[in-house]
Amino acid sequence: MADKLHTYDVLVAWTGNQGTGTSTYRGYSRAHSIQAQGKSPIDGSSDPSFRGDPARWNPEELLVASLAACHKLWYLGLCAGAGIVVTAYEDNAQGTMLEQDDGAGQFTSVVLRPKVVLASGSDLERARALHHQAHEMCFIARSMNFPVSHEPELSISPDS
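Residues numbered from 1 in each chain as written. Predicted model: local features only at pLDDT ≥ 70, side-chain atom pairs only at ≥ 80, totals over all residues. Heavy atoms only, no water.

Participant: Describe the domain arrangement of the chain, listing the residues and the values that go with them.
Facilitator: Along its sequence, the chain is carved into domain 1 (9-48) and domain 2 (57-154). A C-alpha centroid distance of 28 Å is found between domain 1 and domain 2. If you look at the interface, domain 1 gives eight residues, while domain 2 gives five residues. Both sides together, the interface formed by domain 1 and domain 2 hides about 390 Å², and carbon and sulfur atoms give 57% of it. If you sort the residues of domain 1 by the area they bury against domain 2, Ile42, Ser45 and Asp47 come out on top, with a joint share of 57%. At the junction of domain 1 with domain 2, the criterion picks out two residue pairs in polar contact (both at pLDDT 80 or more). Broken down by element, the residue count for the side of domain 1 that touches domain 2 peaks at three residues, all from strand β3 (residues 42-44). (Domains from an automatic or database assignment. Contact = heavy atoms within 4.5 Å. Buried area = accessible area lost by both parts, 1.4 Å probe. Polar contact = N/O pair within 3.5 Å; in protein donor to acceptor, adjacent residues only side chain to side chain. Helix = DSSP H or I, 4+ residues; strand = E, 2+ residues; numbered from the N terminus.)

Structure follows, in C-alpha cells:
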C-alpha cells in the first residue's frame, strides 16, 4: 500500500484587539477562535500564566487533549479488532512544560492515564498490551520530540 498524504486546514483568528491592537503588552487580549469548515469554533486564549483567559482552551491543553484523543481512538479501534469490548474510557492526561528564563519553553513529557472498563470475559493482558500498540500507532505521539507515556488502569464491568 502506498503512503497517503493528509492535510488539515484550520483558521486561528485573533479576536483580542481591544481597540489599540498590540500597542502595549497588557493592552490586548490573547483571545482567539479556532475554526475548521463545518465545525463549531473553539474559543482559545493563552495559558492564564501568560495573561490568558482561564475560561478558554489554551494551546498547551489542546496538545495534551490531542495526544489523549489520538491514543483513545487507536486503542478503541484495536480493541474492536481484537474482540475486546470496551464499555467506558476516560483519560486524566497530564502534560509538563518547562518555561525558560527567556520565556521560551517546551513540553518535557505527557502522561496518559486512561481508565478503561471492559466487558465481562475480556482478556485483561491483551487489553493492556493494546495500549502499547496504540501508542506506537498514534500519529500525534509519533510526532512529538518528548516522551509520551501511558499508565492504563483496566477493570472489568460489574454490569456485564
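Participant: Which residues make up the state of the cysteines, and what values go with them?
Facilitator: The final tally for this structure, using the stated rule, is one disulfide. Note on cysteine connectivity: cysteine 70 is disulfide-linked to cysteine 138, with sulfurs 2.4 Å apart. Residues cysteine 70 and cysteine 138 share a disulfide whose torsion about the S-S bond is about 135 degrees; that sign makes it right-handed. Placement of the pair is cysteine 70 in helix α1 (residues 59-82) and cysteine 138 in the loop between α2 (124-137) and α3 (139-142), with a sequence separation of 68 residues. For cysteine 138, a relative accessible area of 1% translates into the label buried. Left unpaired, cysteine 79 is separated from the closest cysteine sulfur, that of cysteine 70, by 15 Å. Cysteine 79 gets classed as buried once you look at its relative accessible area, which sits at 1%. (Disulfide = S-S within 2.5 Å. Buried < 20%, exposed > 50% of the residue type's maximum accessible area, 1.4 Å probe, protein only.)

Participant: Could you give me a rundown of the sheet that holds strand β8 (residues 148-150), with the residues and numbers involved?
Facilitator: On the basis of which strands lie adjacent, the open sheet formed by three strands has the order β5-β6-β8 and mixed pairing. Lying at the two open borders of the sheet, with one neighbouring strand each, are β5 (94-99) and β8. Ignoring which end each strand starts from, the neighbouring axes of this sheet average 15 degrees apart. The pairing of strand β6 (residues 105-112) with β8 spans three bridges and is classified as parallel. Residue pairing in the sheet places valine 110 in a bridge with valine 148 of β8. Across the face of the sheet, α1 comes into contact with β5, β6 and β8 while running at roughly 35 degrees to β6. (Pairing = 2+ DSSP bridges. Axes fitted to C-alpha atoms, helices over the stretch in contact; angles between N-to-C directions.)

Participant: Tell me about the packing of aromatic side chains, and please be specific about residues and values.
Facilitator: The final tally for this structure, using the stated rule, is five aromatic pairs. Taking 6.4 Å as the distance between ring centres and 85 degrees as the angle between the ring planes, the aromatic pair formed by tyrosine 25 and tyrosine 28 counts as edge-to-face. On the basis of relative accessible area, tyrosine 25 is assigned to the exposed category, the value being 53%. When the centroid spacing of 5.6 Å and the interplanar angle of 25 degrees are considered together, the rings of phenylalanine 107 and phenylalanine 146 count as stacked. One end of the pair, phenylalanine 107, is in strand β6; the other, phenylalanine 146, is in the loop between α3 and β8, with 39 residues separating them in the sequence. Phenylalanine 146 shares its class with phenylalanine 107; the two are buried. Put simply, the rings of Trp14, Tyr25 and Tyr28 pair up and form one aromatic cluster. (Phe/Tyr/Trp six-rings, centres within 6.5 Å; stacked < 30°, edge-to-face > 60°.)

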